[in-house]
Amino acid sequence: MIEQCFKEETEITNSSSENSMAVMLFEQNEYKEAFALFKRLANEAPCVQSLNNLAWIYLREEENMDEAERVLQQVLTFQLQSSFPYMMLGEISLFKQRYEQAKCYLQKALAFSKTQEATYNLAIAHYQLSEFKIAAETFARCVGDSGMTQLHEVVAWMDAGEHDKAKALLDGWNEDAYDYTGAIEIADVYVELGCFAEAREQFKKDWSSYVNSPYIVGRFGYTL
């Protein structure tokens, strides 16, 4: 993951040898040395590349969103030609439940590059803002077959009042798909749609192999 992010910024900014050295140290698991060099470069020679790299380290390795956000705000003062800082800021804003801000950042990220990560996070932002139809349409642009992302699309259509669209997606669920969600999860959504016969059939498929919580037992019982 980090190699891909650094490669993206290297192509855009013509990284210095020291930035390349910091990346190499990180890839060789020399984390303390790499982190120290990333911080020094961002302080002494701040540019899109050095600041993005440090922000990524704060976000992914240090799990320090506040510091990552602080560094990324510095990145925004440059003339950007990359989706990378906007994607990270969108992710941070989602985590901090600043959904309008997240939507703005992610839309800017997508203007540079139509990535799956930014598209999915934008769909989440729309959903949290109760923009259910737009959320469903955005989830639909994400790659996947009968997995959790598509199930999120179903729920968004349902919450948008488009029950026919939601049910049509569930009825066409592909059990052979690589990222197949599972019958119990599908059954739970069928219950929300009021499709109890379909829900019962799905519950029965995985009942003997699933760790059934009181919630799931209650949901199955409700369909009976």
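Our focus in this paragraph is the pattern of salt bridges. Pairing is possible between side chains of opposite charge, provided their charged atoms come close. Per the counting criterion, the structure on display carries 16 salt bridges. In this structure, Arg98 and Glu69 form a salt bridge, with 2.3 Å as the shortest nitrogen-oxygen distance. Within this pair, whereas Arg98 is found in the loop between α6 (84-95) and α7 (99-112), its partner Glu69 is found in helix α5 (residues 65-75), the two being separated by 29 residues in sequence. The class for Arg98 is partly exposed, based on a relative accessible area of 28%. Judged by relative accessible area, Glu69 falls into the buried class, the value being 13%. With a closest N to O distance of 2.6 Å, Asp188 and Arg219 form a salt bridge. Of this pair, Asp188 sits in helix α12 (residues 183-192) while Arg219 sits in helix α14 (residues 214-223), and the two are 31 residues apart along the sequence. Residue classification places Asp188 among the buried positions, given a relative accessible area of 18%. Ionic contacts of the salt-bridge type, sharing partners, join the residues Asp66, Glu69, Lys96 and Arg98 into one network.

This part takes up the nonpolar core. Across soluble globular proteins, nonpolar side chains show a tendency to be buried alongside one another. Phe38, Leu54, Leu72 and Met88 are the most contacted members of the largest nonpolar core, which has 40 residues in total. If you list the elements that add at least two residues to this core, you get α2 (17-27), α3 (31-44), α4 (48-61), α5, α6, α7 and α8 (116-128). No other element matches the 8 residues that α4 contributes to this core. By size, the runner-up hydrophobic cluster in this structure holds 24 residues, among which are Ala135, Ala136, Val191 and Ile216.

Calculation notes
Residues numbered from 1 in each chain as written. Predicted model: local features only at pLDDT ≥ 70, side-chain atom pairs only at ≥ 80, totals over all residues. Heavy atoms only, no water. Salt bridge = Lys/Arg side-chain N within 4 Å of Asp/Glu carboxyl O. Helix = DSSP H or I, 4+ residues; strand = E, 2+ residues; numbered from the N terminus. Buried < 20%, exposed > 50% of the residue type's maximum accessible area, 1.4 Å probe, protein only. Core = buried A, V, L, I, M, F, W, Y, C linked by side-chain atoms within 4.5 Å.

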